[in-house]
Amino acid sequence: MKQSEELTIFSGQFSLERLPKIQKNKLRAWDAADELILTYLHEQKLLSNLINPVLLVNDAFGALAIALHEIERHSWSDSLLSHQATTENLQRNNIQAENYQPVQSIDPLPATYDLVLIKIPKTLALLEYQLSQLKPHISVNTTIIAAGMSKHIHTSTLNYFEKIIGATTTSLATKKARLIYSQHNQQAAAKIGYPKTIIDEALDLQLSNHANVFSKDSLDIGARFMIEQMQQYLPEQRNCQHIIDLGCGNGVLGIIAKRLQPQAHISFIDESYMAIDSAKTNFNQNIQSDQNRSDASFLTNDCLEKWNNKADLILCNPPFHQAHSIGDQIAWKMFRQSKDQLNKGGELWIIGNRHLAYHSKLKRLFGNCQTLASNKKFVVLKAY
Ligand code: SAM
């Protein structure tokens with residue numbers, strides 16, 4: 001396991017780690033954009049005489065919350081892992097958490113702010129939603145600074161700041177990172193287009209998707225291919241009592257599973273607050289009988305961490321990135337933990353891109369792995 005690394009900044013030297021903890025993880029828990037924004041705040045003396053808390057938006061592993069530990073701060077994020085990593089990193093550096101308040105993406109902001117620091121998220125829709133929600137909590141006296149790696153800041157990114165907040169400029173790049181300065185303008189429009197409703201007539205689904213939900217504009221083609229296999233093979237399956245939709249997003253796999261195995265309890269698990277909130281809404285509006293509707297649970301969680309409720313079937317369309325970084329480490333954490341959480345005779349069903357070549361590694365891990373279906377792009381595998 002990689003040891004934590006040290007962030008050295010004007011307020012001290014801090015040891016920071018990422019979550020989830022993954023073997024051979026070579027990535028640091030902060031980036032050049034964190035360093036750039038912190039240095040700018042210090043040089044411009046923007047941290048003195050603050051009356052209200054500072055708002056931190058999308059602080060991935062707590063670098064901002066930890067470097068600014070002497071100031072009252074709210075950390076607004078869609079990621080449970082970000083909040084957990086911040087809490088762990090505060091403890092690691094012996095910093096009291098009393099000035100620190102995590103705020104979930106779906107909850108209203110609890111204050112008005114003089115200083116707002118935003119890390120640019122991967123999903124522009126999430127940025128649009130966050131800026132719109134932020135608008136009633138800022139004034140002309142608020143300093144709004146965003147930071148990101150230059151490759152993640154596009155004209156469309158700046159357009160959202162212009163349109164929703166007001167006049168926007170950028171800094172020059174330093175170590176491939178840039179800052180965005182936006183000035184509040186009362187006239188700028190703050191229309192909130194999320195959650196967004198999509199209808200899938202073929203599957204008889206009405207889905208309500210929050211801004212940061214995977215494939216929020218239409219059903220993911222991988223998920224659709226997985227559902228086709230579920231419709232073909234799941235009715236034949238012996239009566240499942242418990243099915244887990246792992247990394248559930250808007251809950252589409254678990255909802256279809258409930259229709260095909262109505263006696264089963266479905267557990268929906270995701271680390272995104274928006275995903276779990278959408279899954280809950282979608283389950284309630286797409287499962288008809290009241291009795292069936294109560295037979296589901298929804299949990300914001302890191303994979304199957306601290307989970308102790310074995311299942312007969314686990315369905316998984318795994319993630320292939322964490323924020324801006326790409327990789328299959330989280331997918332493999334899900335698969336390994338699934339093996340320990342299956343009842344005797346239980347199965348893990350996975351949809352994956354063909355090129356990821358999950359088959360042989362899954363066979364080694366589980367003992368058996370069978371291809372249920374494949375096309376040019378995807379394979380659906382069952383491991384048992
Ligand atoms: N099941 C949905 C579907 O098929 O449309 C969503 C699949 S999407 C490819 C992967 C999901 O895994 C995302 O919703 C993401 O938030 C979730 N995820 C990522 N990391 C996770 C973690 N550590 N624990 C639980 N869920 C995670």
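Above this text sits the structure in question.
Computed from a prediction, not measured in an experiment: that's the story for all the values here.

Outline the site of the ligand, supporting the account with residue identities and numerical values.
The environment of the ligand is made up of 17 residues, and the closest members are Gly247, Asp270, Asp302, Cys303 and Asn317. Within the contact set of the ligand, a nitrogen atom lies 3.3 Å away from a backbone nitrogen or oxygen of Glu271. Cys303 has a polar backbone atom sitting 2.8 Å from a nitrogen atom of the ligand. The protein chains hide 92% of the 600 Å² of surface that the ligand would expose on its own.

Tell me what's going on with the packing of aromatic side chains, and back it up with residues and numbers.
Applying the stated rule across the entire model yields 7 aromatic pairs. With centroids separated by 5.3 Å and ring planes inclined at 40°, the aromatic side chains of Tyr40 and Tyr181 adopt a geometry described as tilted. Separated by 141 residues along the polypeptide, Tyr40 in helix α1 (residues 32–43) and Tyr181 in strand β9 (residues 177–182) bring together distant segments of the chain. When the ring of Trp332 is compared with that of Phe335, the centres are 4.9 Å apart and the planes differ by 80°; the resulting orientation is edge-to-face. Of this pair, Trp332 and Phe335 both sit in helix α10 (residues 329–340), separated by 3 residues, roughly a single helical turn. As far as the burial class goes, Trp332 and Phe335 line up, both buried. Clustering of aromatic rings is evident, with ring pairs tying together Phe268, Phe283 and Phe298. If you follow Lys361 out to its NZ or CZ, it ends over the ring of Trp332, 4.4 Å from the centre. One Lys or Arg, Lys382, reaches over the ring of Tyr384 and ends 5.7 Å from the middle of that ring.

Provide a residue-level description of the sheet that holds strand β3 (residues 54–57), including the pertinent values.
Sheet strands line up and pair through hydrogen bonds in the backbone, either parallel or antiparallel. The mixed open sheet is built from 7 strands, whose spatial order is β5-β4-β3-β6-β7-β9-β8. Two strands close off the open sheet at either side, each with one partner strand: β5 (100–104) and β8 (168–170). When the angles between neighbouring strand axes are averaged without regard to direction, this sheet yields 20°. Relative to β9, β8 runs antiparallel, the two being bridged by 3 bridges. Bridge pairing in β9 places Thr170 opposite Ile180.

Describe empty space enclosed by the protein, naming the residues involved and giving the relevant values.
As enumerated under the stated definition, the model contains 2 cavities of 30 Å³ or more in all. If you add up the space inside the second largest cavity, you get close to 100 Å³. Along the wall of the second largest cavity there are 13 residues; nearest its centre are Arg18, Gln322, Ser325, Gln329 and Ile330. When residues of the lining of the second largest cavity are traced back to their parent elements, those giving at least two are β16 (321–322), β17 (325–326) and α10. A breakdown of the residues in the lining of the second largest cavity according to their chemical character gives 6 nonpolar, 6 polar and 1 charged.

Rules and cut-offs
- Residues numbered from 1 in each chain as written.
- Predicted model: local features only at pLDDT ≥ 70, side-chain atom pairs only at ≥ 80, totals over all residues.
- Heavy atoms only, no water.
- Near = heavy atom within 4 Å.
- Polar contact = N/O pair within 3.5 Å; in protein donor to acceptor, adjacent residues only side chain to side chain.
- Areas by Shrake-Rupley, 256 points an atom, 1.4 Å probe, with all protein chains shown as cover.
- Phe/Tyr/Trp six-rings, centres within 6.5 Å; stacked < 30°, edge-to-face > 60°.
- Helix = DSSP H or I, 4+ residues; strand = E, 2+ residues; numbered from the N terminus.
- Buried < 20%, exposed > 50% of the residue type's maximum accessible area, 1.4 Å probe, protein only.
- Lys NZ or Arg CZ within 6 Å of the ring centre and 35° of its normal.
- Pairing = 2+ DSSP bridges.
- Axes fitted to C-alpha atoms, helices over the stretch in contact; angles between N-to-C directions.
- 1 Å grid on protein atoms, 1.4 Å probe; cavity = no way out; pocket = protein on both sides within 12 Å on 5 of 7 lines; lining within 4 Å.
- Points joined across faces, edges and corners; volume = space filled by probe spheres on them.
- Nonpolar A, V, L, I, M, F, W, Y, C, P; charged D, E, K, R; others polar.

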